[in-house]
Amino acid sequence: MAATSSSPSLVDTLFQRSLDDLIRALRSSSSVTEAAAIARALDEIRREIRSPDLDTKAVALQKLTYLASLHHLDMSWAAFHALELLPSPSLPRPRVAYLAASLSFHPSSTDLLPLATHQLRKHLAPSPSNTPALVTPALHLLALASSADLACHLAPDLVPIVSGQSSIPLRPKAIATALRALAVCPDAAPVLFKPLVDCLSLSSEPHVVSAAVSAFCELALAAPDPSPYLPLAPEFYRLLVDSRNNWVLIKVLKIFARLASLEPRLAARIVDPVCQLLRRSPAKSLVFECIRTVLSSLSDHDAAVRLAVDKIKEFLASDDDPNLRYLGLQALAMLGPAYSWAVEESREVVIQSLNDTDTNIRHEALCLIMGMLCESNVVEICNLLIKYAMKCDPDFANEILDAVLATCGRNVYELIVDFDWYISLLGEMARNPHCAKGNEIERQLVDIGLRVRDARPELVRVARDLLIDPALLGNPFLCSVLSAAAWVSGEYVESSSNLLELVEALLQPRTNLLSSLVRAVYIQAVFKIVTFSFISFIKQIQAFDTKSSADRSTAFENEDGVATADKAVIFDSIDNNETIKHESVSHLLDFVETTVGPLSECDDVEVQERARNVLGLIRIIRETRYWNIVAEHELTRDNKISEIVELMEAAFSEDLGPVSTNAQKRVTVPEDLILNENLSDLAGVLGDIDVTPCTSISFSLRGHHPTKSKEDSAPVIEPSSLLAEHRKRHGLYYLSTEKDEVESNDYPLANEPLLPVSHVDDAKDIVKLTAQSFIPRKAKSTKPRPVVIRLDEGDGVSSSGLTMVKEFKDDLLSGAVRNVLLGNESKPSSSHDMSSDRTSQRGENDASNNNDLFSQPNESNALDGREHRKSSSRKSRHHIRHKEKNGSPGNEDTEEKSHRHSTRSSRHQGKHKHRQRGDTLPDVVPQEPVIQDFLL
Amino acid sequence: MIHFVILFSRQGKVRLTKWYSPYQQKERSTVIRELSGLILTRGPKLCNFVEWKGYKVVYRRYASLYFCICIDPDDNELEMLEITHHFVEILDRYFGSVCELDLIFNFHKAYYILDEILIAGELQESSKKTVARLIAAQDSLAETAKGEAGSISNMILQSM
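Everything numeric in this text was worked out from a predicted model, so none of it was measured. (Residues numbered from 1 in each chain as written. Chains lettered and ligands numbered in written order. Predicted model: local features only at pLDDT ≥ 70, side-chain atom pairs only at ≥ 80, totals over all residues. Heavy atoms only, no water.)

Peer 1: What's the story with the overall build of chain B in this structure? I'm lost.
Peer 2: Counting its regular elements, chain B contains six helices and seven strands. What you see in chain B, going N to C, is helices and strands ordered as β-β-α-β-β-β-α-α-α-β-β-α-α. For chain B, the residues scored as buried account for 59% of the 160 residues in total. Residue pairs at least 24 apart in sequence account for 46% of intrachain contacts in chain B once pairs closer than 6 positions are excluded. For chain B, the accessible surface area stands at approximately 6,600 Å², while carbon and sulfur atoms represent 57% of it. (Helix = DSSP H or I, 4+ residues; strand = E, 2+ residues; numbered from the N terminus. Buried < 20%, exposed > 50% of the residue type's maximum accessible area, 1.4 Å probe, protein only. Contact = heavy atoms within 4.5 Å. Areas by Shrake-Rupley, 256 points an atom, 1.4 Å probe, with all protein chains shown as cover.)

Here it is as structure tokens:
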């Protein structure tokens, strides 16, 4: 024994504190001294655990385990000491070591894990010295901490226990362990799967069957493609009918819920037993599982759905049990809009649940209601929810807002027909005193502005109402909404009715409460408004000039400027319904100048810069002769003015459009561009001011210019020419616009019905919603849905590759499982079409069918099965051939194939008679496409 | 499947943790902190389920202890409540009207009992009698082994 000075002495061993001592010490210490007590104990343990005496070591390890599991101490450093204790012949020591290891080992971060392989193998081996008390913790460790390597190495050692050759109580534990091993190491499937399948047989003990069913449930649920488990359906069906254990039945139902989606005939088969359980079982857990199975997989069977809905109502009506109410709501939510009658029947309960004391139940009720939304009821339900949100507690109010925003905004507002209504609803949401969803409201306001042209006037109106309200400025959550409102009213200023009022709102004194970024947006909006009013005014004059050049002089003698002279002509030429008078524009400019003036000294650069822009613009306007001429009742043509107008128009006239999230992907990389090339010459490119004439990339503006004809004849104006240059050079990075136009037209120019605006007059209470129906009502169309620009299917939806790795692994597993179950050596592709997949594999591997997994004769059902077989054989054969034809077109011609097929299957019949029997005996067999192969 | 089982007291003190999915030590502390915060704030007479990070946590309070089981969204919540109750009954039978102190001083026993009921996140033994018998057998084996190895003279001999 190599004893160094620091090694523990005999004293340590003799006076070691036991676990009880440690616990008492910790309990007697206050919360302040506890940390110190733990630290002291840890020091002790570090010393003791290196003791050559195994008992001292074991006690130290036990104390460490206690500290680690209940006081969150890291014990990964003690992994080696746990391993040291494993081989000890005295039973308590390896048990302590296993407990420590299974609580602390981590499959990916414990480096010493491979060292456990040998000892685990020794403990798993069938031998009299390996009592269950020793094997159980060994199985635990393997189940909880096994890495892929460990699982692969030890999988063969699990087989004797799983197949029941060792002591019986261990068998279910080994089954669960085998499940974990399969999950981390799909390669173990050929070894482990057959014994697992055997566990389902009639002769197994109930708890073995129970463990096996749990394992298969886990496997089938985790597999991306559960079709490899279809051949086991007869076993599960037997359990479904015979078993009296609720926990087993729940697992079996879960398996069937997964399998039934693959094989419709399976659903028809299980619907009766499931309904019986639903009617008779007193256990709520089982009833709930039945409900779930029916709703998820048997929704085509109306009687079953009816029954399930009745049970859900019982759940919802149980006032004393919030659990059942919660689950009832969840179950209803599974139904989806197609079964809105079911929700309709429980409408009152659902609405009452919005008032439940339990936030989880309220949340479920809200989810349920949102799930029921469709085009025809979205208006009334949302109106009422938003009204309700005004009065409920802040958290739930925001939850409601969130849900409404998410549901209405889903898939580019697919639910919304009446955008005017939705925009005003957004405005109402912003006014909710608890509203903390400003960012999403902001996004949607701007997004609707970009996408829905017809909604812009209403958008501007709502934005005005928001901007004009000084009370909203103080709410920090609304900053972003106001920013969107300001942007909208600047961008779509042409829809605005009263420019002066708008500018006053944008420049009201309380705007100093806003953050500087939002303020900058405000001032930019003012800039756009000033520009717009000036342009409109000038155009008015120009239009007048051209139309009535003859009596020009008389017109301008009028004090009021242009307006009164020839109203009819002017009205034709401008968008606005109101004529713009020189006075009003002049007043506007004065007002802006005085209020923005101080901001040019603002500390914030953004605000300052924009303020100076505005002031600069006003100065330019004032300097033009045209401006002053009008006031002086003189008239001379001035080219400069039209230049300015065009310049300013060019700056703002182009519509901003939405950008697809996939825009970057669509840009094709030119041949001569090497993306990975060193970017060091980028500086050179940037420095190059000369325009290199670009190749043949054509580009067209998406803009909707009100004065398109004018643009052609326009003299060279700086901003637009710069823009054109920029586009010429970088045009390929922009979306090609033709496509967008086409796609936006693709969107149905709906004649979809629109609800007559809520007949609930001023419903103040949420309970009034009960008066309404979730069932979609077809109302008369009052107004077509406006065009919503959608860029492509991928708009707003980004696919994530995160789950790829896991799926790949699962695929490996189901591939391996399929190999085992089907007796195949080749690597099958994971295909959903089981029968064609199988037949083709069979052909290749005719000789290699060596596994006989299906030999569980079930004589009582034999007759049944055969009868059914006869009747369906013709059909199924046809079915398979048809599938083959479709499955691999162009391989060989059909005749040859069907010939081969028949010879092949006749060979099957001769060769695998025993197999065929085993396969087809239980009575669900004819439902499986898999088995039909043998029936020919 | 069951991802983990946690027992904590009304004061948020952890009494037992069992992780069936791999969690690093740091993650474990965060999980416990978050969940105890979430569950302890819930009043009585509310439902026993909370949603948490895409999982469902089924909890139930027995005396001063909260038993929490974290499961996948498609697992059966009511079944978990039954399993919890099953576990509590077995503990009760083993310790004789179990209390928090029993679990504190016999934390390894509590683990061994749990391990008889759940392995790898799957329910193993649905019979209370069988579990009691298995645990008793383990105890007697462990006692005899301890008797052989526990004497002081033995310890002195081994350390020489």
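Peer 1: Sorry if this is basic, but what is going on with the overall build of chain A here?
Peer 2: In terms of helices and strands, chain A carries 46 helices and zero strands. With 936 residues in all, chain A has 54% of them scored as buried. Pairs at least 24 residues apart make up 72% of the contacts formed inside chain A by residues separated by at least 6 positions. Surface exposure of chain A reaches about 42,400 Å², of which carbon and sulfur atoms provide 53%.

Peer 1: Just to check I follow, could you spell out the confidence of the model for chain B for this structure?
Peer 2: Low pLDDT means the predicted atomic positions in that stretch should not be read closely. Mean pLDDT over chain B: 83, with 89% of residues reaching 70 or higher. Scored as a whole, the predicted complex attains pTM 0.67, and scored at its interfaces, ipTM 0.88. (pLDDT = per-residue confidence, 0-100.)

Peer 1: Would you mind going over unusual backbone geometry with me for this structure?
Peer 2: With the exception of glycine, most residues fall at negative phi, and the peptide bonds are largely trans. Residues and elements named next belong to chain B. For lysine 45, which is not glycine, the phi dihedral falls at a positive 65 degrees. Along the chain, lysine 45 falls in the loop between helix H1 (25-40) and strand E3 (49-52). With a relative accessible area of 78%, lysine 45 lands in the exposed category.

Peer 1: When you look at the interface of chain A and chain B in this model, what are you seeing that I'm missing?
Peer 2: Each partner contributes to the interface: chain A provides 75 residues, whereas chain B provides 65 residues. Where chain A touches chain B, the interface holds three salt bridges. Among the salt bridges present, the one from lysine 173 of chain A reaches glutamate 116 of chain B, with a minimum N-O distance of 2.7 Å. In this structure, the connection of chain A to chain B is made through 20 residue pairs in polar contact (both at pLDDT 80 or more). (Salt bridge = Lys/Arg side-chain N within 4 Å of Asp/Glu carboxyl O. Polar contact = N/O pair within 3.5 Å; in protein donor to acceptor, adjacent residues only side chain to side chain.)

Peer 1: I tried to follow the side chain of serine 483 of chain A on my own but got confused; where do I start?
Peer 2: All names here are of chain A. For serine 483, the position within the fold is in helix H27 (residues 479-491). The class for serine 483 is buried, based on a relative accessible area of 10%. Sequence-distant contacts of serine 483, that is, excluding residues within four places in its chain, are made with Glu442, Val518 and Val521.

Peer 1: I tried to follow the nonpolar core on my own but got confused; where do I start?
Peer 2: For soluble globular proteins, the rule of thumb is that nonpolar side chains tend to be buried together. Membership of the largest hydrophobic core comes to 296 residues, with the highest contact counts inside it found for Leu61, Tyr66, Leu67, Phe216, Val404 and Tyr422 of chain A. The element contributing the most residues to this core is helix H29 (residues 516-547) of chain A, with 14 residues. (Core = buried A, V, L, I, M, F, W, Y, C linked by side-chain atoms within 4.5 Å.)

Peer 1: Help me understand the packing of aromatic side chains in this model?
Peer 2: Each aromatic ring pair is described using two quantities: the centre-to-centre distance and the angle formed by the ring planes. With the rule as written, the count across this model stands at 22 aromatic pairs over all chains. Ring geometry for phenylalanine 216 of chain A against phenylalanine 236 of chain A: centres 6.0 Å apart, planes inclined by 65 degrees, an arrangement best described as edge-to-face. With a gap of 20 residues between them, phenylalanine 216 of chain A in helix H12 (residues 206-222) and phenylalanine 236 of chain A in helix H13 (residues 233-242) connect regions that are remote in the sequence. Side by side, phenylalanine 216 of chain A and phenylalanine 236 of chain A carry an identical accessibility label, which is buried. With centroids separated by 6.0 Å and ring planes inclined at 80 degrees, the aromatic side chains of phenylalanine 67 of chain B and phenylalanine 87 of chain B adopt a geometry described as edge-to-face. Placement of phenylalanine 67 of chain B in strand E5 (residues 65-71) and of phenylalanine 87 of chain B in helix H2 (residues 77-95) is noted, with a sequence separation of 20 residues between them. Look at phenylalanine 87 of chain B and you get buried, because its relative accessible area is 4%. Three or more aromatic residues link up through ring pairs in this structure, and these residues are Phe4, Trp19, Tyr23, Trp52 and Tyr55 of chain B. Between arginine 46 of chain A and the ring centre of tryptophan 77 of chain A, over which it is positioned, the NZ or CZ distance is 4.3 Å. When the ring centre of phenylalanine 396 of chain A is taken as reference, the NZ or CZ atom of arginine 362 of chain A above it lies at 4.8 Å. (Phe/Tyr/Trp six-rings, centres within 6.5 Å; stacked < 30°, edge-to-face > 60°. Lys NZ or Arg CZ within 6 Å of the ring centre and 35° of its normal.)

Peer 1: Sorry, what's going on with the pattern of salt bridges here?
Peer 2: Between side chains of opposite charge, a pair can form when the charged atoms approach closely. Residues and elements named next belong to chain A. All told, the structure shown has 38 salt bridges over all chains when counted by the stated rule. Among the salt bridges present, the one from arginine 171 reaches glutamate 205, with a minimum N-O distance of 3.7 Å. Separated by 34 residues along the polypeptide, arginine 171 in helix H10 (residues 170-184) and glutamate 205 in the loop between helix H11 (189-198) and H12 bring together distant segments of the chain. In this structure glutamate 205 comes out as partly exposed when scored by relative accessible area, which is 26%. The salt bridge partner of arginine 461 is glutamate 458, with a shortest N-O separation of 2.9 Å. Here arginine 461 pairs with glutamate 458, and both are found in helix H26 (residues 456-468), just three residues apart, close to one helical turn.

Peer 1: How should I be thinking about the side chain of asparagine 76 of chain B in this particular structure?
Peer 2: Within the secondary structure, asparagine 76 of chain B sits in the loop between E5 and H2. A polar side-chain atom of asparagine 76 of chain B sits 2.8 Å from a polar atom in the side chain of glutamate 289 of chain A. Filtering out sequence-adjacent residues up to four positions away, asparagine 76 of chain B remains in contact with Ile250, Lys254, Ser285, Phe288, Glu289 and Arg292 of chain A together with Ile71 of chain B.

Peer 1: Please explain the packing of helix H18 (residues 322-335) of chain A against helix H21 (residues 359-372) of chain A as it appears in this structure.
Peer 2: The axes of two packed helices give the description: the angle between them and the distance between them. All names here are of chain A. Direction vectors running N to C along H18 and H21 enclose 15 degrees, while the axes themselves pass 9 Å from each other. Here H18 is positioned roughly parallel relative to H21, judged by the angle of their axes. Seen from above, H18 lies across H21 with left-handed handedness. Between H18, through Pro322, Arg325, Tyr326, Leu329, Gln330, Leu332 and Ala333, and H21, the contact on the second element is made entirely by Asn360, Ile361, Glu364, Ala365, Leu368 and Met372. Considering only residue class, the contact of H18 with H21 consists of nine nonpolar, two polar and two charged. (Axes fitted to C-alpha atoms, helices over the stretch in contact; angles between N-to-C directions. Parallel < 35°, antiparallel > 145°, perpendicular 65-115°, else oblique. Left-handed = near helix turned anticlockwise from the far one by under 90°. Nonpolar A, V, L, I, M, F, W, Y, C, P; charged D, E, K, R; others polar.)

Peer 1: Explain the sheet that holds strand E2 (residues 14-19) of chain B to me, please; I cannot follow it from the model alone.
Peer 2: Paired through their backbone hydrogen bonds, the strands of a sheet run either parallel or antiparallel. All names here are of chain B. Read from one edge of the open sheet, five strands run E2-E1-E5-E4-E3, paired in antiparallel fashion. Of all the strands in the sheet, just E2 and E3 have a single pairing partner and so form its edges. Strand-to-strand twist in this sheet, taken as the mean axis angle between neighbours without regard to direction, amounts to 20 degrees. Of the strand pairs in this sheet, strand E1 (residues 2-9) and E2 are connected by five bridges, and their pairing is antiparallel. Counted as the bridge partner of phenylalanine 4 is tryptophan 19 from E2. (Pairing = 2+ DSSP bridges.)

Peer 1: Could you clarify how one ought to interpret the pairing of E1 of chain B in this entry?
Peer 2: All names here are of chain B. The element E1 is largely enclosed, with a buried count of eight among its eight residues. The sheet contact formed by E1 and E5 spans seven bridges and is antiparallel. Following the sheet pairing, valine 5 is matched in E5 by isoleucine 69. As consecutive antiparallel partners, E1 and E2 are separated by four residues, and within that stretch glycine 12 has a phi angle of approximately 85 degrees, a positive value.

Peer 1: Is there a simple way to think about the environment of asparagine 48 of chain B in this case?
Peer 2: Relative to the helices and strands, asparagine 48 of chain B is located in the loop between H1 and E3. Classification of asparagine 48 of chain B by relative accessible area gives buried; the value is 15%. Note: C-alpha distance between asparagine 48 of chain B and valine 58 of chain B (ten residues apart in sequence) is 5.8 Å. For asparagine 48 of chain B, the residues in contact, after removing those within four places along its chain, are Asn323 of chain A together with Val57, Val58, Tyr59, Arg60 and Leu81 of chain B.

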